[in-house]
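Structural features, examined
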Amino acid sequence: MGRACIIGAGSSGIAACQVLGARGIPFDCFESGSDVGGNWRYNNDNGMSSAYLSLHAKSSRRCLQYAALPMPDDYPDYLSHELIAKYLDNFVDHFGFRGNIQFRTEVIKAKPATGGWDVTVRQRDTGAMRTERYAALLVANGHHWDPQYPEPAFPGAETFTGEQIHSHHYRTPEPFAGKRVLVLGIGNSACDVAAECSALAARTLLAMRRGTHIVPKYLFGRPTDHLTLMRLGTRAPRRLQSLAVALLVRIAQGKVTKYGLPRPDRPMLCAPPTVSDSLLSKLDHGDIVVKPNIDQFDGDRAFFTDGSAEPVDAVIYCTGYKISFPFLDEASIGADGNHLPLYRRIVSPKLPRLYFIGLVQPIGAVMPIAEIQAEWVADLLQGRTALPPEQQMNREIARYSAATATRYGRSARHTIQVDFLAYLREISRERRMSAR
Ligand SMILES: Cc1cc2nc3c(=O)[nH]c(=O)nc-3n(C[C@H](O)[C@H](O)[C@H](O)COP(=O)(O)OP(=O)(O)OC[C@H]3O[C@@H](n4cnc5c(N)ncnc54)[C@H](O)[C@@H]3O)c2cc1C
Ligand SMILES: NC(=O)c1ccc[n+]([C@@H]2O[C@H](COP(=O)([O-])OP(=O)(O)OC[C@H]3O[C@@H](n4cnc5c(N)ncnc54)[C@H](OP(=O)(O)O)[C@@H]3O)[C@@H](O)[C@H]2O)c1
């Protein structure tokens, strides 16, 4: 069979390399950076990693590990970015496919062509470009590298006298020592960044436009995300799961409103949970002050939607990321405001032989998901299974979009959400059914 092209050697791309290699499917993998690991390589020379120096995964080891290579038992429950990058390096060396990855090589264009895809790459050191035809294209370029700033910007932002950065560019708290810092958002970036800045900053404000559930890293001595691995529990109706998790979290730490946070506006599991052990204690100690959304800036002052105002030296926008494919004609795949019509979150019904790996936001972890997605793509490439007709794929996409909008609300932040075990089961079922 023809050669496949894999874009990216982050945790999703290398999962695809391993699977295709094991199935004997020839492939080339192109990676902009000098190493594997993508987001998990701190200061990655691809310029795309959002890792900060203190970053530890919010997913526990059991959730993060690939089925093909479980993590060593002496690894901690919650890994640092260094340890994850080391694990990903070991993964590549264990399966011996480093030689199939062309490093410092960026894919700048991928175009549908007869029998596959024409892929144009540029070697970063020499600038040399070349185009080759591939039988299939697996896109694993990540979706946490293109910062989403508030759009439109808050009034007065362009003349605000303080510094403004996005969490994508945040590395350490030292530059904010002694400063009055305003962190915007209540996702995982905002909580990590606010908690660590508050140790050095003169004052730390945490502003948000809605409340959310804050989930501790441990419940009753076990990593909280082990709940997502419970076979029976995850088959229960979602409302029941939501109530059960909410109750456990309430017993463990009380209501978030007790700490000064706004009441979450959606039930538990109907928004990506923010996982933090430090935020609530920082709030309780008065080290972080909660504010509603920013209304506008004037000079060095931030005004909030409740009419209050504070002088601020730096704003850190922890406002998430855009999903981007600079090398694809996004209009042709129908991408619009983070909405991507993909069958089972992988296959473009419009563009044959185009597959997306790791383009999901799980309540759980991405790596084992990328692995099973790649297995299904390998089935398709080897002709062991076939796709349903386009109409049927479109119906599944419409069902997924409607269910996601009902559960999470209509927001660009929630367009690729999946439940960990349920999604793994869904892809396994798809593999079985389509094989029949
Ligand atoms: C701060 C932070 C913490 C996170 N914590 C967790 C967590 O605890 N658990 C979890 O499951 N997820 C977490 N995530 C999500 C994270 O994105 C995934 O864990 C994982 O990194 C996704 O891997 P990936 O390979 O899909 O993307 P990436 O890690 O972003 O890798 C993409 C790779 O593609 C390469 N690439 C991109 N474009 C091109 C191109 N045009 N040509 C060639 N190469 C290209 C990049 O150089 C990069 O190496 C976190 C994200 C952030 C930002
Ligand atoms: N330790 C860790 O493992 C860790 C650390 C950091 C990040 N991550 C992961 O990285 C990914 C990105 O996380 P993230 O926290 O950077 O982004 P995120 O989860 O998308 O959260 C963005 C936050 O910014 C808010 N926001 C967006 N636009 C806004 C605007 N214009 N005005 C006011 N508020 C706005 C959002 O509010 P709305 O909900 O209202 O849109 C949300 O609270 C997630 O998968 C996360 O789990 C993990």
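About the criteria used
Residues numbered from 1 in each chain as written. Chains lettered and ligands numbered in written order. Predicted model: local features only at pLDDT ≥ 70, side-chain atom pairs only at ≥ 80, totals over all residues. Near = placed C-beta within 6 Å. Helix = DSSP H or I, 4+ residues; strand = E, 2+ residues; numbered from the N terminus. Nonpolar A, V, L, I, M, F, W, Y, C, P; charged D, E, K, R; others polar. Core = buried A, V, L, I, M, F, W, Y, C linked by C-beta atoms within 7 Å. Buried ≥ 20, exposed ≤ 12 C-beta atoms within 10 Å, placed from the backbone. Domains from an automatic or database assignment. Contact = placed C-beta atoms within 7 Å. Pairing = 2+ DSSP bridges. Axes fitted to C-alpha atoms, helices over the stretch in contact; angles between N-to-C directions.

Some points on the site of ligand 1
Among the 34 residues in the neighbourhood of ligand 1, the closest are listed as G8, G10, G38, A57 and G142. Put simply, the parts of the chain that give the shell around ligand 1 at least two residues each are α1 (11–22) and β4 (105–113). Partitioned by chemical class, the residues of the shell around ligand 1 number 14 nonpolar, 17 polar and 3 charged.

Things to note about the nonpolar core
The biggest cluster of nonpolar side chains holds 117 residues, and the ones touching the most others in it are C5, I6, A16, L137, L138, V183 and I357. The element best represented in this core is helix α8 (residues 367–381), accounting for 9 residues. Built from parts of two domains, this core gets at least three residues from each of domain 1 (4–146 + 321–435) and domain 2 (149–317). If we skip the residues at most four places from it in the chain, A16 touches I6, L138, A140, I357, A370 and A374.

Some remarks on the site of ligand 2
The environment of ligand 2 is formed by 27 residues, the closest being K58, G185, G187, S189 and G320. No other element matches the 4 residues that helix α4 (residues 188–197) contributes to the shell around ligand 2. Partitioned by chemical class, the residues of the shell around ligand 2 number 10 nonpolar, 12 polar and 5 charged. In this structure, the shell around ligand 2 is formed jointly by two domains, domain 1 (4–146 + 321–435) and domain 2 (149–317), each of which donates at least three residues.

A few points about the sheet that holds strand β9 (residues 163–166)
Read across the sheet, 5 strands follow the order β9-β20-β10-β11-β16 without closing on themselves; strand pairing throughout is parallel. Strands with a single pairing partner mark the edges of an open sheet, and in this sheet they are β9 and β16 (289–291). Recorded for the sheet is a direction-independent mean angle of 20 degrees between the axes of neighbouring strands. As defined by bridge partners, β9 adjoins strand β20 (residues 314–317) across 4 bridges and the pair is classed as parallel. Within β20, the residue paired with Q164 across the bridge is V315.

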